[in-house]
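# Structural description and commentary
Residue strings, one per chain:
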Amino acid sequence: MTSEVLRNEAYVVPPVPAAGSGVAWLRATVARFSEGADHVRRRALAEHVLPTVDVAALRRPGTPVAVLAEALGLPRSVAPDVRLVAGCYQPHVTVTPEADAAVARLVEACGGTWDEETANRIGLLVQACDATVALVADVEPPVPVTRRVAPDGRVVEVDLGDAWFGAGRHECPGRAHALALVEGSRAFHRLHDDFLVLPNAWDFASAVALVRAGFPAVGTTSLGVAAAHGLPDAAGAAREETLALARRLVRLPVPISVDVEAGFGGDVRDLAAELWELGVAGVNVEDGRGEALADPEEQAAIVRAFKDAAPGLFVNARVDTHWLGVDRDSTSARAARYVDAGADGVFVPGLTDEREIADIAAAVPVPLNVLAQRDVRVLKDLGVRRVSTGSLLFRAALGETVRTALAVRDGRAAPDDVPGYDEVQRLATGR
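What this report covers is the structure whose coordinates are included nearby. Given the structure is predicted, the values throughout are model-derived calculations rather than measurements.

## Regarding the overall build of the chain
Looking only at helices and strands, the chain has 19 helices and 13 strands in total. With respect to the three principal axes, the spread of C-alpha positions in the chain is 90 × 50 × 35 Å. Within the chain, buried positions represent 49% of all 431 residues. For the chain, restricting intrachain contacts to residue pairs at least 6 apart in sequence, the fraction spanning at least 24 positions comes to 65%. About 19,700 Å² of surface is accessible on the chain, with carbon and sulfur atoms providing 52% of the total.

Structure representation (structure tokens):
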């Protein structure tokens, strides 16, 4: 029935009045709400743009609309404006002043010309916005209904359960692009399907070196990032330094996971949305609070806030019972509560007992992550799906730095296997 209605030219999209600015102008100028010759002409504009976008380039982590914007030659930072417009895009929804202002900014980002080409370029972003996020969050169908005006003038809702991308003359022309965007958001998740060794970097050069060594993903170490800037770890003091590093690391060709301590305070939804927009694939968020543990209900709310604001982020909920040596018997219960709140993985640093590892791995329905404190082959056999190096690599680098300096001071030979100057230059410049 759905396909029949959508293919029937007697059923038309609800008409919208002409307008010269704001969301009303966008509605009146895009193919989505047009019929006849206007629709044919405007759809052709969108169909002309889509083949210029490399579908493979869309398979990257991050907010789908930000990834698509970048592929269209626009800054990723237009994503919040696209979301504002998407919330008012449908003709039956009231338009807000904020959404009208967002349209003006989007037109300016597209070159400043209020014409059909600009409108339909923006339309591609707006129509991809909520639908791709819904797909990432496993909402099926991503768009539940569409509206048509029947021959007798009635407005009817058409269920899209068996036609996710529509049908007929208004069928979505960007199906392959939408699916690629969703696949990119899930790429880091898929690395946990088997067994992932995730090394943790503390700056751009260390991350590039790990990528070139063949690691399929890289994380950050909160201790390394904080200490490298003269700041304490786990005190919420390194938010800006962490975000600055994340902005650099997302340039790399592998998924990036960021250690955000306990969320750095403030509204973690803003932090989650910013990281996802940047193109970050995952986060570690811990329930340690100094030498104590957070209330599990409050920590679960933080996990849920991350998932609500950024459904595509792999949220690795860190349980610090073993790390701090506090209330270890609550480990499984805490893990279960965080999973119920939406956590994609559970991280228990300091967990080294084989029986306990196997028990928790069997108890949680998501990948278990531990530190590299045991042979990775043993950990894999116990059911662990992710092993992180944590601050180990940073601490090893500090130790080797001091040993090399002492060797020079004492007249002993320095190591002869350190990277050369030109090699490090290539790391820094990405060449």
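Resuming the write-up.
## So, unusual backbone geometry
With omega at -10°, the peptide bond leading from glutamate 140 into proline 141 counts as cis. Topologically, proline 141 is positioned in the loop between helix 7 (116-136) and strand 1 (145-149). A positive phi angle, close to 65°, is found at aspartate 138, a residue other than glycine. Note on placement: aspartate 138 falls in the loop between helix 7 and strand 1. Residue classification places aspartate 138 among the exposed positions, given a relative accessible area of 54%.

## Overview of the side chain of serine 257
Considering the arrangement of structural elements, one finds serine 257 in strand 6 (residues 256-259). Residue class for serine 257 comes out buried when judged on its relative accessible area of 3%. Those residues in contact with serine 257, other than ones at most four positions away along the chain, are Phe188, Leu198, Val218, Gly219, Thr220, Gly282, Val283, Asn284 and Arg386.

## Overview of the sheet that holds strand 6
Adjacent strands of a sheet form backbone hydrogen bonds with each other and so pair up, either parallel or antiparallel. Taken in spatial order, the 9 strands make up an open sheet running 3-13-12-11-10-7-6-5-4, and their pairing is parallel. Two strands close off the open sheet at either side, each with one partner strand: strand 3 (196-198) and strand 4 (200-201). Where strand 3 meets strand 13 (residues 386-388), 3 bridges bridge the pair, whose relative direction is parallel. Its bridge partner being in strand 13, leucine 198 is matched across the sheet by serine 388. With respect to the sheet, helix 11 (residues 239-249) is in contact with strand 5 (218-220) and strand 6, its orientation differing from that of strand 6 by roughly 175°.

## Some points on the pairing of strand 2 (residues 155-159)
In the case of a regular strand, side chains alternate between the two sheet surfaces. Going residue by residue along strand 2, you find Val156 and Val158 tucked away on one face and Val155, Glu157 and Asp159 left uncovered on the opposite face. The pairing of strand 1 with strand 2 spans 5 bridges and is classified as antiparallel. Among the inter-strand pairings, threonine 146 is bridged to a residue of strand 2, identified as valine 158. From the end of strand 1 to the start of strand 2, which pair antiparallel, there are 5 residues, and glycine 153 there has a positive phi angle of about 95°.

## Some points on the packing of helix 7 against helix 8 (residues 175-190)
Running from amino to carboxyl end, helix 7 crosses helix 8 at an angle of 45°, the nearest separation of the two axes being 9 Å. In terms of axis orientation, helix 7 runs oblique to helix 8. Classified by chirality, the crossing of helix 8 by helix 7 is right-handed. Contacts between helix 7 and helix 8 involve Thr132, Leu135 and Val136 from the first element and Ala178, Leu181, Val182, Ser185 and Arg186 from the second.

Parameters and conventions
- The residue numbers shown here count from 1 along each chain, following its written sequence.
- Thresholds applied to this predicted model are a pLDDT of at least 70 for local features of residues and 80 or more for the giving and counting of side-chain atom pairs; totals over whole chains, interfaces and linings are not thresholded and use all residues.
- Think of the side-chain values as coming from all heavy atoms in the structure, minus any hydrogens and water.
- We count a stretch as a helix when DSSP gives it H or I for four or more residues in a row; a strand needs E for two or more, and each element gets its number in order from the N terminus.
- The rule is simple: take the accessible area with a 1.4 Å probe, protein chains only, and divide by the maximum for that residue type; under 20% is buried, over 50% is exposed, in between is partly exposed.
- Any two residues whose heavy atoms approach within 4.5 Å are treated as being in contact.
- Areas reported here follow the Shrake-Rupley algorithm with a probe of radius 1.4 Å; residue values treat only the protein chains shown as occluding.
- Criterion used throughout: strands pair if DSSP finds at least two bridges between them.
- Fitted lines through C-alpha atoms serve as axes, helices being fitted only where they are in contact, and the angles separating the N-to-C directions of these axes extend from 0 to 180 degrees.
- Each angle is binned into one of four classes, with values under 35 degrees roughly parallel, values over 145 roughly antiparallel, values of 65 to 115 roughly perpendicular, and all other values oblique.
- Two helices that cross are described as forming a left-handed crossing if the nearer one is turned anticlockwise from the farther one by less than a right angle, and a right-handed crossing if clockwise.

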